[in-house]
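Residue-level listing of the chains:
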Amino acid sequence: SVQHDPAAVALRSPAATIGLGMFFWLHLANHSCVPNAFFTATSACGRDDGAAIATLYALRNIDEGEEVFISYVDSATLLSPVSTRR
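Each chain carries its own residue numbering, running from 1 in the written order of its sequence. Given that this is a predicted model, residues contribute local features only at a pLDDT of at least 70 and side-chain atom pairs are listed and counted only at 80 or more, while totals for whole chains, interfaces and linings are drawn from all residues. Heavy atoms from the whole structure form the basis of all side-chain values; hydrogens and water molecules are not counted.

1. Let's talk about the overall build of the protein chain
Logical step 1: A helix here means a DSSP run of H or I that spans at least four residues, while a strand means a run of E at least two residues long, and both kinds are numbered starting from the N terminus. Scanning the protein chain for helices and strands turns up 3 helices and 4 strands.
Logical step 2: Tracing the protein chain from N to C terminus, the helices and strands come up as α-β-β-β-β-α-α.
Logical step 3: Buried, partly exposed and exposed residues are distinguished by accessible area as a fraction of the type maximum, computed with a 1.4 Å probe on protein chains only: under 20%, between the cut-offs, and over 50%, respectively. Here the protein chain holds 86 residues, and the buried ones make up 21% of them.
Logical step 4: Looking at the protein chain alone, contacts between residues at least 24 apart form 66% of all its contacts between residues at least 6 apart.
Logical step 5: Areas reported as accessible are Shrake-Rupley estimates using a 1.4 Å probe. Residue values count occlusion only from the protein chains shown. Summed over its atoms, the accessible surface of the protein chain is roughly 6600 Å², and 59% of this surface lies on carbon and sulfur atoms. What makes two residues a contact is simply this: any of their non-hydrogen atoms within 4.5 Å.

See below:
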């Protein structure tokens, strides 16, 4: 199982969009309006080729065999009314 780290939730804050990233293993997480995980992407230290590192964090304990869900949209959009999101 994946253990939730409450300190990691502090990392989830509005971020500026500075580009697109392709992270191979993130395709394994599906979208949910009630996600159990989130990810951050940061530039790889010491590299000037645009490389980045994605880190996946659990928002709660995730049991073995349970699907990992992230939100494909930013927090403000996720919390807006359904009519706005459609």
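From this point, the discussion proceeds with the structure in view.
2. Let's talk about the nonpolar core
Logical step 1: In this description, a nonpolar core means a group of buried Ala, Val, Leu, Ile, Met, Phe, Trp, Tyr and Cys residues linked to one another through side-chain atoms lying within 4.5 Å. Ranked by size, the top nonpolar core spans 5 residues in total: Ala29, Ala37, Ala58, Ile62 and Ile70.
Logical step 2: Once you skip the residues sitting within four places of it in the chain, Ile70 turns out to touch Ala29, Asn30, His31, Ser32, Pro35, Ala37, Phe38, Phe39 and Leu56.

3. Description of a nonpolar patch on the surface
Logical step 1: Taken together, Phe24, Trp25, Leu28, Phe39 and Leu56 make up a surface patch of nonpolar side chains, about 540 Å² in accessible area.
Logical step 2: With respect to the helices, strands and loops of the structure, Phe39 is situated in strand S2 (residues 37-43).
Logical step 3: Given the relative accessible area of 34%, Phe39 is considered partly exposed. What goes into a patch is any residue over 30% in relative accessible area without a salt bridge, connected to like charges within 9 Å or, for nonpolar side chains (Val, Leu, Ile, Met, Phe, Trp, Tyr), within 5 Å. Note on definitions: salt bridges are taken to be side-chain nitrogens of Lys or Arg within 4 Å of carboxyl oxygens of Asp or Glu.

4. Looking at the pattern of salt bridges
Logical step 1: According to the stated counting rule, one finds 1 salt bridge in the structure shown.
Logical step 2: Between Arg60 and Glu66 there is a salt bridge, with the nearest N and O atoms lying 2.4 Å from each other.
Logical step 3: Take Arg60: its relative accessible area is 39%, and that puts it in the partly exposed class.
Logical step 4: Since its relative accessible area comes to 28%, Glu66 is described here as partly exposed.

5. Concerning the packing of aromatic side chains
Logical step 1: Classification of ring pairs uses Phe, Tyr and Trp, with its six-membered ring standing for Trp, and accepts pairs whose centres are within 6.5 Å; under 30 degrees between planes counts as stacked, over 60 as edge-to-face, and the remaining range as tilted. Tallied over the entire structure, the rule returns 1 aromatic pair.
Logical step 2: Pairing Phe38 with Tyr57 gives two aromatic rings, centres 5.3 Å apart and planes at 20°, and the pair type is stacked. You can see Phe38 sitting in strand S2 and its partner Tyr57 sitting in strand S3 (residues 52-58), a full 19 residues away along the chain.
Logical step 3: Exposure remark for Tyr57: the relative accessible area of 21% places this residue in the partly exposed category.

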